[in-house]
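Structural description and commentary
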Amino acid sequence: MTALDGLLVADFSRVLAGPYATMLLADLGADVVKVERPGAGDDTRHWGPPHAPGGEATYYLAVNRNKRSIALDLRDEAGLEVARALAARADVLVENFKPGTMDRLGLGHETLRVLNPGLVYCSVTGFGSGEGAGLPGYDLIAQAVGGLMSVTGEPGGEGTKAGVAVVDVITGLHAALGVLAALRHRDRTGEGQRVEVSLLSSLLSALANHSSAYAAAGVVPKAMGNRHPSVVPYEVFQAADRPIVIAAGNDRQFRALCAVLERPDLAGDEKYATNAGRVAARDRLVGELNKALAARTADEWFGLLTAAGVPCGPINDLAAAFALAEDLGLEPAVEIDGVGQVANPIRLSATPPSYRLPPPALGQDGTWVREILGR
């Protein structure tokens, strides 16, 4: 038994934000039908290397498990007819075409709500469906114009993108949450509605304390490398062999850090007694901490500081990160019919995520889809 058993999702999205949202719904039990272009399919099918042993692009594999694929030419009336039948039968439709495209195809919200009043219709855009409708919805562009690159990287640098398409992922999460809220409303009223999320709005929300600094105080944050603008010590330090991150978020943790480092003088120094004082004296304090940390390896400090309740950790690569998650019993990876996958991070005690289908080959489920539509 899964949480979304019996829910049918028509997935007209591609690349990352929309497919990530629909995979989350699929993991929770929804039947997701991925509508793709004949011949080429989702762009990410061709975004490699790297490729899995079976030859599939790992980018595509990342966000398309538990789905079925049908290839439909939406420029052709026969393809459109099947697409409309699918939308009329679906509980949820997710699309991330350029605003206006679905309307021109006769698959817009206003048209489909007449055919299917209970439909939850989710549109994922780059910059909204108004004045920003014509702007390209690429993650890198959103990171640039949305302010993320201005607070990432070293001070005075040109701006640095995050190492993953994080805005797409955040937007996908918001889309899935919006869909679930709209389904709850439909459960009560029988009425569907339109859900709209954009890369820019999702990013501004996700910038959290940085966005709040501007919205509430007019402060424009700048890049600080690995330092935190409001908390010290909360950054990368150098142990004897390699870097280690320490995040002492309160006075108690700072005192515990000083005790483990055998530097009670730092804990007793009035300048460092409060976080505000530590922020003001950041450079001097960080220098003293780095001197003390040079006495042991990062792994030694990780054990000692963790035991004392000081948040810290070495900078792992992904292999080490997966190994840590495995050691902690988090079961970070699963295999579906021989295809390695990253596990869904949501844990539900009664209706956990399920792994039923590997990412589909292009158009492999056309017969299945047509059967459920009676065609």
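Everything quoted here is computed from the prediction, not taken from an experiment.

1. A look at the overall build of the chain
Per the secondary structure count, the chain includes 16 helices and 11 strands. Reported as C-alpha extents along the three principal axes, the dimensions of the chain are approximately 80 × 45 × 40 Å. When the 375 residues of the chain are sorted by exposure, 46% land in the buried category. In the chain, the share of contacts with a sequence separation of at least 24, taken over all contacts with a separation of at least 6, comes to 67%. Here the chain has roughly 18500 Å² of accessible surface; of this, 56% comes from carbon and sulfur atoms. Averaging the positions of the 34 positive and the 43 negative side-chain charges in the chain gives two centres separated by 4 Å.

2. Some remarks on the sheet that holds strand E7 (residues 234–238)
The strand order across the open sheet formed by 3 strands is E7-E8-E9, and the pairing between neighbours is antiparallel. Edge positions in the sheet fall to E7 and strand E9 (312–314), since each has one partner strand and no second. Within this sheet the neighbouring strands show an average axis-to-axis angle of 25 degrees, counted without direction. Seen against the sheet, helix H14 (residues 298–307) touches strand E8 (243–247) and E9 and runs at an angle of roughly 160 degrees to E9.

3. Some words on the pattern of salt bridges
Tallied over the entire structure, the rule returns 19 salt bridges. The residue lysine 67 makes a salt bridge to aspartate 11 at a minimum N-O spacing of 3.5 Å. With lysine 67 in strand E3 (residues 67–71) and aspartate 11 in strand E1 (residues 8–12), this pair connects stretches of sequence that are 56 residues apart. This pair shows no difference in class: lysine 67 is buried, exactly as aspartate 11 is. Among the salt bridges present, the one from glutamate 36 reaches arginine 45, with a minimum N-O distance of 2.7 Å. Salt bridges sharing common partners tie together Arg227, Glu235, Arg282 and Asp283.

4. Observations concerning helix H15 (residues 318–327)
For H15, the N-terminal cap is aspartate 317; the gap from its side-chain oxygen to the backbone nitrogen of alanine 319 is 3.2 Å. Looking one or two residues past H15, glycine 329 carries a phi angle of roughly 80 degrees, positive in sign.

5. So, the nonpolar core
Formed by 29 residues in total, the largest nonpolar core has its most connected members in Leu7, Val9, Ala30, Val92, Val120, Cys122 and Val179. Elements with a contribution of two residues or more to this core: helix H1 (17–27), strand E4 (92–95), strand E5 (120–125), helix H7 (166–189) and strand E6 (193–198). Per-element accounting of this core gives the leading share, 7 residues, to H1. If sequence neighbours within four positions are ignored, alanine 30 has contacts with Leu4, Leu7, Val9, Leu25, Asn66 and Arg356.

6. Here we look at the layout of surface pockets
Space inside the largest pocket adds up to approximately 1000 Å³. Lining of the largest pocket is provided by 37 residues; of these, Thr58, Leu61, Ala62, Val63 and Val342 occupy positions nearest its centre. Val15, Gly137, Tyr138, Asp139 and Asp168 are, among the 33 residues lining the second largest pocket, the residues nearest its centre. Looking at the lining of the second largest pocket, the elements with two or more residues in it are E5 and helix H6 (139–145). Sorting elements by how many residues they give to the lining of the second largest pocket places H6 first, with 3 residues.

7. Observations concerning the sheet that holds E6
The strands that make up a sheet pair up through hydrogen bonds in the backbone, lying either parallel or antiparallel. Across the sheet, 6 strands lie side by side as E3-E2-E1-E4-E5-E6; this open sheet has parallel pairing. The open sheet terminates on both sides in strands that have one partner only, identified here as E3 and E6. Going across the sheet, the axis of each strand differs from the next one's by a mean of 20 degrees, ignoring polarity. In the sheet, E1 pairs with strand E2 (residues 31–36) via 4 bridges, with the strands oriented parallel. From the neighbouring strand, valine 9 faces E2, where its bridge partner is valine 32.

8. What to know about the environment of lysine 291
Within the secondary structure, lysine 291 sits in helix H13 (residues 282–293). By relative accessible area, which is 59% here, lysine 291 ends up exposed. Along the chain, lysine 291 and phenylalanine 237 lie 54 residues apart, while their C-alpha atoms are 9.7 Å from each other.

9. Here we look at unusual backbone geometry
Between glycine 48 and the following residue, proline 49, the backbone shows a cis peptide bond with an omega angle of 5 degrees. Note on placement: proline 49 falls in the loop between E2 and helix H2 (58–62). Residues proline 49 and proline 50 are joined by a peptide bond in cis, for which omega reads 5 degrees. Considering the arrangement of structural elements, one finds proline 50 in the loop between E2 and H2. You will see that valine 15, though not glycine, has its phi angle at about 75 degrees, which is positive. As for its placement among the helices and strands, valine 15 is situated in the loop between E1 and H1. If you check the backbone angles, glutamate 331 has positive phi at about 45 degrees while not being a glycine. For glutamate 331, the position within the fold is in the loop between H15 and strand E10 (333–336).

Rules and cut-offs
All residue numbers refer to positions counted from 1 along the written sequence of the respective chain. Confidence filtering applies because this is a predicted model: local features only for residues at pLDDT of at least 70, side-chain atom pairs given and counted only at 80 or more, and all residues used for totals across whole chains, interfaces and linings. Values reported for side chains reflect all heavy atoms of the structure, with hydrogen atoms and water molecules removed beforehand. A helix here means a DSSP run of H or I that spans at least four residues, while a strand means a run of E at least two residues long, and both kinds are numbered starting from the N terminus. The classification of residues rests on relative accessible area computed with a 1.4 Å probe and restricted to protein chains. Under 20% of the type maximum is buried, over 50% is exposed, and intermediate values are partly exposed. Any two residues whose heavy atoms approach within 4.5 Å are treated as being in contact. In this description, accessible areas are obtained by the Shrake-Rupley approach with a 1.4 Å probe, and a residue is regarded as covered only by the protein chains that are shown. Only four residue types enter the tally: Lys and Arg on the positive side, Asp and Glu on the negative side, with His and both chain ends excluded. Taken as the charge centre is NZ of Lys, CZ of Arg, CG of Asp or CD of Glu, depending on the residue. Strand pairing requires that DSSP identify at least two bridges connecting the strands. Helix axes are fitted to C-alpha atoms over the stretch in contact, other axes to C-alpha atoms as well, and angles between N-to-C directions run from 0 to 180 degrees. For salt bridges, the criterion is a side-chain nitrogen of Lys or Arg within 4 Å of an Asp or Glu carboxyl oxygen. Any pair of N or O atoms that falls within 3.5 Å is considered a polar contact. Within protein, one atom must be able to donate a hydrogen and the other to accept it, and sequence-neighbouring residues count only if both atoms are side-chain atoms. Definition of nonpolar core: a set of buried residues of the types Ala, Val, Leu, Ile, Met, Phe, Trp, Tyr and Cys, connected through side-chain atoms within 4.5 Å. Think of a 1 Å grid over the protein atoms and nothing else: a 1.4 Å probe that fits but is trapped marks a cavity, an open set flanked by protein within 12 Å on at least five of seven lines marks a pocket, and residues with an atom within 4 Å of a point count as lining. Grid points are joined across faces, edges and corners, and a volume is the space filled by probe spheres set on the points.

The values reported here are purely geometric and, on their own, carry no functional implication.
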